Amino acid sequence: RVDLWSRLYLALAVLAVCQAVLMLLQTYEHRRIYQRRARRQPTARFNPRVELIIPCKGVDPEFNSLVKQLFRQDYPAYGVTFVVESTDDPAWQNLEPLLASAQRVPVRLLAAGRTRVCGQKIHNLLAGTASLDPSVDVIAFLDADVWVTPKWLRLLVEPLQNTDVGAVTGYRWFVPSRDDWPNALLSALNAPVALVLGNHRWNAIWGGSWSVRRATFDRAGIREA
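Being a predicted model, the structure only gives us computed values, none of them experimental.

What follows concerns the overall build of the protein chain. If you tally the helices and strands in the protein chain, you get seven helices and six strands. In the protein chain, the order of α-helices and β-strands from amino to carboxyl end is α-β-α-β-α-β-α-β-α-β-α-β-α. Principal-axis analysis of the C-alpha atoms places the extent of the protein chain at approximately 70 × 40 × 35 Å. Residue burial in the protein chain is summarised as follows: out of 225 residues, 34% are buried.

The structure is reproduced here in structure tokens:
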């Protein structure tokens, strides 16, 4: 009996060591890819016209700060479309005065109406992409509860200059707002999924932050899907 437990403990220890080695290898690979991409300078002439679509529902604590940050993106040619279900949504009342501060960025505020055939977020996205200006070359999407930096849009669009790239995706990082176990646990459970992304073909697109060429969006039939 003692020998059986000893073998079990030994097997668990071996598995733990193997997992640690794999995590070290994965960390090394991510660091190598990051350093390689950080050294690569973006093409200054690649500034396609972007329309950023943001479906909204309700008002998150940092919602107003996010809206202001979107108007300060380090990108020369983009517009922003906010889509809500109706004018009764609190997001609509918050957005109306905020949009007046968008001095250099064209903005749209749309009420998509209540959905009848799909989820409300999908319905809002369909409304936002239904009537794009002909000058729009890239469509970008962002969830309304995400915090972004001034270079977020540029980093999201720059890889599309490679014609082999179908779409570009970001991913969320839950940052603990308080120093307690529930916050730490949520962050720890969410973070490993991001490590699955990498320099391979089996990458998923996270709907909360992604971009795609308009031609690819249309050719793939994403609206119809």
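Attention now moves to the sheet that holds strand S1 (residues 50-55). Taken in spatial order, the six strands of this open sheet run S3-S2-S1-S4-S6-S5, and their pairing is mixed. Two strands bound the open sheet, and with one partner strand each, they are strand S3 (107-111) and strand S5 (167-169). Across the sheet, the axes of successive neighbouring strands diverge by a mean angle of 20°, strand direction being ignored. Sheet topology note: the strand S2 (residues 78-84)/S3 ladder contains five bridges and is parallel. Each residue of the ladder has a partner; that of Thr-81, found in S3, is Arg-108.

Turning next to the pattern of salt bridges. Considering all chains together, one arrives at four salt bridges under this definition. Across the salt bridge formed by Asp-143 and Lys-121, the nearest N and O atoms sit 2.8 Å from each other. Here the residue Asp-143 occupies a position in the loop between strand S4 (138-142) and helix H5 (152-157), and Lys-121 occupies one in helix H4 (residues 120-128), the gap between them amounting to 22 residues. Assessed through its relative accessible area of 39%, Lys-121 is described here as partly exposed. For the salt bridge of Asp-180 with Arg-178, the shortest nitrogen-to-oxygen distance reads 3.3 Å. Since its relative accessible area comes to 54%, Arg-178 is described here as exposed.

What follows concerns the packing of aromatic side chains. The full count for this structure, using the stated rule, is four aromatic pairs. Between Phe-141 and Trp-210, the aromatic rings sit 4.7 Å apart at their centres with planes inclined by 15°, giving stacked as the arrangement. Of this pair, Phe-141 sits in strand S4 while Trp-210 sits in strand S6 (residues 209-213); the two residues are 69 residues apart in sequence, bridging distant segments of the chain. Each member of the pair, Phe-141 together with Trp-210, is buried.

Thresholds, definitions, all that
- The residue count restarts for each chain, going from 1 along the sequence in the order it is written.
- Reporting of local features is limited, given that this is a predicted model, to residues whose pLDDT is at least 70; pairs of side-chain atoms are given and counted only at 80 or more, and all residues count toward the totals for whole chains, interfaces and linings.
- As a rule here, side-chain values come from all non-hydrogen atoms in the structure, and water together with hydrogens is ignored.
- Each helix is a run of H or I in the DSSP string that is no shorter than four residues. Each strand is a run of E no shorter than two, and both are numbered from the N terminus.
- Buried, partly exposed and exposed residues are distinguished by accessible area as a fraction of the type maximum, computed with a 1.4 Å probe on protein chains only: under 20%, between the cut-offs, and over 50%, respectively.
- Paired strands, as defined in this entry, are two strands with at least two bridges between them according to DSSP.
- Note on definitions: angles span 0 to 180 degrees between N-to-C directions of axes, and those axes are lines fitted to C-alpha atoms, for helices only across the stretch in contact.
- A side-chain nitrogen of Lys or Arg and a carboxyl oxygen of Asp or Glu constitute a salt bridge if their distance falls within 4 Å.
- Under the pairing criterion, centres of Phe, Tyr and Trp rings, with the six-membered ring standing for Trp, must be within 6.5 Å; the plane angle then separates stacked pairs below 30 degrees from edge-to-face pairs above 60, leaving the rest tilted.

Any functional reading would require information beyond the geometric quantities listed.
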